[in-house]
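Understanding the architecture of this molecule
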Amino acid sequence: MVEKILFDMKKHKWLNTLFVAPMESFNKLLSDMKKHKWLYVMLVIPVLFVLIWNYWPMYGVVIAFKDYSPAFGIWDSPWVGFKHFQRFFDSYFFLEIIINTIRVSFYSLLVGIPLPIILALMFNEIKRKWFKSTVQTVSYIPNFISVVVVIGMVTFFFSEQGSINQILTSLHMKPIDFLGDAKWFPHVYVWSGIWQGVGWGTLIYTAAMSGVPQDQYEAAYLEGATRMQCIRNIAIPAIMPTIVISAILATGSVMSVGFEKAYLLQNASNLATSEVLSTYTYKVGLINGEYSFSAAVGLFNNIVNFIMLFVVNKIAQKTGENSLW
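Only a predicted model underlies this, so the values are computations on that prediction, with no experimental measurement involved.

1. Focus on the UniProt feature "domain: ABC transmembrane type-1" (unreviewed entry) in the chain
Per the UniProt entry, the sites bearing "domain: ABC transmembrane type-1" (unreviewed entry) are residues 98–312 in this numbering. Strand forms 0% of residues 98–312 and helix 75%; the C-alpha atoms that close the span are 20 Å apart.

So, in structure tokens, the structure goes:
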């Protein structure tokens, strides 16, 4: 009788989607849990950690739809609907902040995605192991430097009295106000980040290329292939899945420009291009104490990031075999 019901439900696609497929997936999960029970036991603590620290605090997002007051708490504060979202969309700085955020973010993506790949391909062509190890180590050491220290180095080199301007002056060239001129902020922000993170970004691509059998390169060289042909036909296809996944994840955080560096590089002179969503949320939320408004801005930011992640992942699914889901 049960088998007949299941067979009839499978004949109707919507019933299969709603009932049969979830039941089959659940039964398969139970069977797998019984088979590998100790592996699932080991997952209990990591899962609890994620639930407590990543998902439980998400209930606080409701203050974006309330006039939150610490005196009343989250649940007893009055509901105001989309009032704070409307205020943000109607604000004088809305368009400027969005443009600044998108400009810096897409600039970072445009430079930050291909450069680690190029550097990893160059590392892969180094034959002397000691030299390759040394260069790789030197390249990713800046990743371990604090953002505050990096900003101090940027200030030392690029301020009005910094080393770069002293060199320009000695060459009888006009000094450039890198940190005070608004048009220079995106370049300083992006390229200081590239210097700090490009070496670290090559590690995942270098690891992916290390899995390519050397026989493929040797066979290609025997057939008369050049180094560029080997890179194009062997190395790049080997790391293409990694490139696609990294690009999707990077695009999914397109509206999330790093707060620390943007805030530390920010001053009254470059505010026209340095005021991004993260710094604006900090000033409004923590400095001015408008918690509900800043929560609305942050929620808007996350929704845009999720939409971008979903769209780019769908495009990757349609154009290739690699995607997040």
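2. Details of the packing of aromatic side chains
Enumeration according to the criterion identifies 28 aromatic pairs in this entry. With a centroid separation of 5.9 Å and an interplanar angle of 35 degrees, the aromatic rings of Phe185 and Tyr189 are classed as tilted. Taken together, the residues span about one helical turn, with Phe185 and Tyr189 both in helix 12 (residues 185–210) at a distance of 4 residues. Just as Phe185 is buried, Tyr189 falls in that class too. With 6.3 Å between their ring centres and 75 degrees between their planes, Tyr280 and Phe293 make a pair best called edge-to-face. On the criterion of sequence distance, the pair formed by Tyr280 in helix 17 (residues 277–287) and Phe293 in helix 18 (residues 291–319) is long-range, its members being 13 residues apart.

3. A closer look at the UniProt feature "transmembrane region" (unreviewed entry) in the chain
The UniProt feature table records "transmembrane region" (unreviewed entry) at residues 38–56, 104–126, 138–158, 194–213, 234–259 and 291–312. Counting secondary structure, residues 104–126 comes out at 87% helix and 0% strand; the distance between its end C-alpha atoms is 33 Å. End-to-end, the C-alpha atoms of residues 291–312 are 32 Å apart, and along that stretch the chain is 100% helix and 0% strand.

4. Description of the pattern of salt bridges
A full pass over the atoms with the stated rule returns 4 salt bridges. Of the charged contacts in the structure, one is a salt bridge between Lys83 and Asp67, with a shortest N-O distance of 3.3 Å. Pair noted here: Lys83 is in helix 6 (residues 83–90) and Asp67 is in the loop between helix 4 (44–55) and helix 5 (73–76), with a separation of 16 residues, a long-range link. Between Arg87 and Glu290 there is a salt bridge, and its shortest N-O distance comes to 2.5 Å. Linking Arg87 in helix 6 with Glu290 in the loop between helix 17 and helix 18, this pair joins segments that are 203 residues apart in sequence.

5. Section: the side chain of His84
By the element assignment, His84 lies in helix 6. By relative accessible area, which is 5% here, His84 ends up buried. If we ignore the near neighbours within four places in the chain, the residues touching His84 are Ala64, Lys66, Asp67, Ser292, Phe293 and Ala296.

Here is what the cut-offs are and how they apply
- Residues numbered from 1 in each chain as written.
- Predicted model: local features only at pLDDT ≥ 70, side-chain atom pairs only at ≥ 80, totals over all residues.
- Heavy atoms only, no water.
- UniProt positions renumbered as here; feature names shortened; annotations may be inferred.
- Helix = DSSP H or I, 4+ residues; strand = E, 2+ residues; numbered from the N terminus.
- Phe/Tyr/Trp six-rings, centres within 6.5 Å; stacked < 30°, edge-to-face > 60°.
- Buried < 20%, exposed > 50% of the residue type's maximum accessible area, 1.4 Å probe, protein only.
- Salt bridge = Lys/Arg side-chain N within 4 Å of Asp/Glu carboxyl O.
- Contact = heavy atoms within 4.5 Å.

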